[in-house]
Each structure stands twice: as structure tokens, then as C-alpha cells.
Amino acid sequence: MSSQFWSAEEYDRQAQRHYEAGDYDGALEILRKGEALYPAAPELKVSTGYTQLAREEYAWARQAFAGALALEPDHEDALAGIGESLLKLGERARAFHSFERILDLGFGRDLDLMLSAGRALFREGLYEHAERFFRRAVEADARSVEAAADLAYTLHRRDDLKEARFWLKRAVALDPDNYDARSLLGNLLYEAGERDRALAELEVIPLEYLWDPLSVWRLVELMRAQRTTSEDGRELEPYFDRLDELFVEPAPEDRLLMELQMERGGEAIEAEAARDQLDLFGGEDEDGGSLAGRTAGVAGDASWAGIVRAMCESSADPHRTLEEFMRETARRVRDLTGIHLPDDDPEAFIKASARAGVLHIDR
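Residues numbered from 1 in each chain as written. Predicted model: local features only at pLDDT ≥ 70, side-chain atom pairs only at ≥ 80, totals over all residues. Heavy atoms only, no water.

With that settled, consider the overall build of the protein. When helices and strands are counted, the protein shows 20 helices and zero strands. Of the contacts formed within the protein by residues at least 6 apart in sequence, a portion of 53% connects residues at least 24 apart. Of the roughly 18,400 Å² of accessible surface on the protein, 46% is carried by carbon and sulfur atoms. (Helix = DSSP H or I, 4+ residues; strand = E, 2+ residues; numbered from the N terminus. Contact = heavy atoms within 4.5 Å. Areas by Shrake-Rupley, 256 points an atom, 1.4 Å probe, with all protein chains shown as cover.)

What follows deals with helix H4 (residues 58–71). Taking 1.5 Å of rise per residue, the 14 residues of H4 would be expected to cover 20 Å, and the 20 Å separating its terminal C-alpha atoms lies within 8% of that figure. Listing the buried residues of H4 in full gives Ala 61, Ala 64, Phe 65, Ala 68 and Leu 69. An end-on view of H4 places all buried positions within 140° of arc, on one side of the element. Exposed residues lying more than 90 degrees from the buried face of H4 are Trp 60, Gln 63 and Ala 70. (Expected span 1.5 Å × (residues − 1). Buried < 20%, exposed > 50% of the residue type's maximum accessible area, 1.4 Å probe, protein only. Arc of directions from axis to C-beta.)

Right, let's get into the packing of H4 against helix H5 (residues 76–88). For any two helices packed against each other, one specifies the inter-axial angle together with the distance between the axes. Orientation of H4 relative to H5, taken along the N-to-C sense of each, is 150°, at an axis distance of 9 Å. Judged on the interaxial angle alone, H5 and H4 are roughly antiparallel. As for how H4 packs across H5, the hand of that crossing is left-handed. When H4 is examined against H5, the residues Tyr 58, Ala 61, Arg 62, Phe 65, Ala 66, Ala 68 and Leu 69 are found in contact with a partner set consisting of Ala 78, Leu 79, Gly 81, Ile 82, Ser 85, Leu 86 and Lys 88. Its residues placed into classes, the contact of H4 with H5 shows 10 nonpolar, two polar and two charged. (Axes fitted to C-alpha atoms, helices over the stretch in contact; angles between N-to-C directions. Parallel < 35°, antiparallel > 145°, perpendicular 65-115°, else oblique. Left-handed = near helix turned anticlockwise from the far one by under 90°. Nonpolar A, V, L, I, M, F, W, Y, C, P; charged D, E, K, R; others polar.)

With that out of the way, let us pick up the environment of Trp 211. When you line up the elements, Trp 211 lands in the loop between helix H12 (195–202) and helix H13 (213–226). The exposure class assigned to Trp 211 is exposed, which follows from its relative accessible area of 58%. In this structure the C-alpha to C-alpha distance between Trp 211 and Ser 183, which are 28 residues apart in sequence, comes to 9.0 Å. Filtering out sequence-adjacent residues up to four positions away, Trp 211 remains in contact with Asp 180, Arg 242 and Leu 246.

For Glu 56, which is not glycine, the phi torsion reads 60° and is therefore positive. Checked against the element boundaries, Glu 56 lands in the loop between helix H3 (42–54) and H4. Residue Glu 56 is classed as exposed on the basis of its relative accessible area of 57%. Located in the positive-phi region is Asp 159, a residue other than glycine, with phi close to 65°. Residue placement: Asp 159 occurs in the loop between helix H9 (145–157) and helix H10 (161–174). Given a relative accessible area of 38%, Asp 159 falls into the partly exposed group.

Further remarks concern the packing of H9 against H10. It is at 8 Å that the axes of H9 and H10 come closest, and there the two elements cross at 160°. If you check the angle between H9 and H10, you find them roughly antiparallel. In terms of crossing hand, the pair formed by H9 and H10 is left-handed. Residues Val 145, Ala 148, Ala 149, Leu 151, Ala 152, Tyr 153, Leu 155 and His 156 of H9 touch H10, and the partners they reach there are Leu 161, Glu 163, Ala 164, Trp 167, Leu 168, Arg 170, Ala 171 and Leu 174. Its residues assigned to classes, the contact of H9 with H10 comprises 13 nonpolar, one polar and two charged.

Before going further, it helps to spend a moment on the environment of Arg 135. Structurally, Arg 135 is set in helix H8 (residues 127–140). When its relative accessible area of 26% is taken as the criterion, Arg 135 is described as partly exposed. Between the C-alpha atom of Arg 135 and that of Leu 115, which follows or precedes it by 20 residues, the distance is 9.6 Å. Not counting the four nearest positions on each side in its chain, Arg 135 is found in contact with Leu 151, Leu 155, Glu 163 and Trp 167.

For the structure shown, the criterion picks out 24 salt bridges. In this structure, Glu 163 engages Arg 135 in a salt bridge whose closest nitrogen and oxygen atoms are separated by 3.0 Å. Taken together, the residues span a long stretch of sequence, with Glu 163 in helix H10 and Arg 135 in helix H8 at a distance of 28 residues. Residue Glu 163 is classed as partly exposed on the basis of its relative accessible area, which comes to 23%. For Glu 221, the salt bridge goes to Arg 195, with nearest N and O atoms at 3.5 Å. Placement of the pair is Glu 221 in helix H13 and Arg 195 in helix H12, with a sequence separation of 26 residues. For the pair shown, Glu 221 and Arg 195 are each scored as buried. (Salt bridge = Lys/Arg side-chain N within 4 Å of Asp/Glu carboxyl O.)

It is worth stressing that arrangement in space is one thing and function is another; only the former is reported here.
So this is what it looks like as C-alpha cells:
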């Protein structure tokens, strides 16, 4: 059918197909044609807003959602979208107001809206606010795997590990193939000392769905400690191959944390396993040190922010902000060692890491 005969709904549907395929330019082209013909259709403006959010064009997204709200002030999807845009632009108070308006309108049991608001808040590190919306999501649909898993991830970030395990178990019970939730559950059980249960969770995950190197190594460790393996350990080779795939270029913070964990001597890690682990993560440098700056290729006189930025760019997720990188690394150090690192200042972050023995600074 020629596009000249399309309704506003058809333009929206066609744009959605491009959006789902990751063709945001194509989606926007169709939406702009639709808006030119149907300027009073709020759905087209909402879809334009979400497409521009995906393109990280946050100011334009806010404008699109504002246009939809000018046509229909209580449009729930536009309220959710403008709330996310405002968060990205640093306007938290106005974002919170938009999300609260959704609740005031009676959409607190709309699963998709609660997940959308919760995820927008989670991505900005606003875990307490995100938890509130994810709890509404699980109330809206007790059988939603996404709601249970998202609530668990949020509780984990808030250090409520007991309840995080509860909701991870719930997510896995609802969908045994939710391997991300199962992997985190296995790691939390491991860290709680429940090694048998940790092994039971981790070993059922197909190798190609194990994306976290720490999970793979812990699985190897648990299999060595609690399973009978051959003298040459040949049955473990697929796991080491997977680690090689994941560690094409080791992330500095992963290497440092794993070396620290070995030095402190985990309860179930044998000396031979520890030596293998050191080899696996690159061992020590030529001078016997483990300077994050040198590992990341940073000169000794670089700024503190530059050192942290280089560490982040050498990590598995180089597109994080400095704040996200420091926050996540500090959390992982705390989980592994109980040591609290400042996560809001690069200089304090690096110096506290050195004092804690997590890295060494060469002068």
C-alpha cells in the first residue's frame, strides 16, 4: 500500500518496525512524514521521542514528548518518555514529577509503564526510586520475569543481598532460561558461602551465555573443589577457552580485583588454582607490580581523571562515564574485600585503592 494512503497508526506501525530493527534513521524519516500529515497525532510524537532517546538526542526527545503532552496533557507514555529525557538532561525534580503524575493518573498497575520508569531511574543510579517502581511492577504482574529480575538487580545495587536473592530465585523459577538472573544468583550464593548451591546454579548455564569472567572462573573453582576431575583437568578446557574469549584484553579492574582476591586466599581456592588464576589474568608485569595506570597505558604524570578514564576505556564496558566506572568498581571491591572506596572523586578513588592494596602507584 502506498504511504500516501497511510493513517497515523500505519505510519507509527511502520516506524516501529524500523525501530525494532535498530534502524533509527529510517524510523525518524517515516515519523516525520507522518507528523507532517497528522500534526495532531500524539502517538507519532511519542514514537519520535523514544526514537530520539535511542539516538541519545535527549533535548530533541524532550521536545517531542512535550509536543505530545501539549496535545494530550495526561498521555501516560509521553509522561514516561519526558521523565526519562529530563533525567538524562539532569532535571531530576521535573522527572520525578512526571513519573509521579503517571501514578496519580492510576497507572500504577501498568506493568510496561512501571518497568519503563524504573529502568530510567536505575540507569541514572537512582536505585531507591527505581525500587519503588519495580515493586509496583511485581504487584502488577506476579508472573513477570522482567519485573522480578529488575527488582532483584536494584536490590543488589542497594546492598540488600538477602532480598535480592529472593527475587532472583523468583525470576529463575518463572524462567529457568533467564541466565543473567541465574548468573547473579550463583555469584551471590558463592559470596554468601553457599558453594554447593552456587555450583548448582552456575553449572546449568550454557557456556555461550556466561558473559561474566568472574562467574566462569568461580565455576571452574567450584568444579575443582566439589567435583571429581581428571588429573589433567581436560573437562575444564571449554571453560578456559571461554575465559580466553572473554579476556581478549583483560580489564584492569578485573585483573586487580582477582589478584587481590587470590592474595587474600579465598576459603575454597587451592594454591594451584590461584597460580592458574594469576596466569589466566596476565600475572604480574615485568617489574612485579600491578599498577592500573601502566596496565591502562597511562603516563605517570597523567591527571587522576585521565588515569581513571584510561582504566575505564580498557574495561569490558568502555562507554561508561567516570562516575559509573568508579561506582561499579568500588562496589565490586566492597563485595570481594569489604573495603569501601570513595567513588565520587578520581584522586580519592585512586589513592584509596592504593592504600587498600588494590593497586600500586609508581612515582
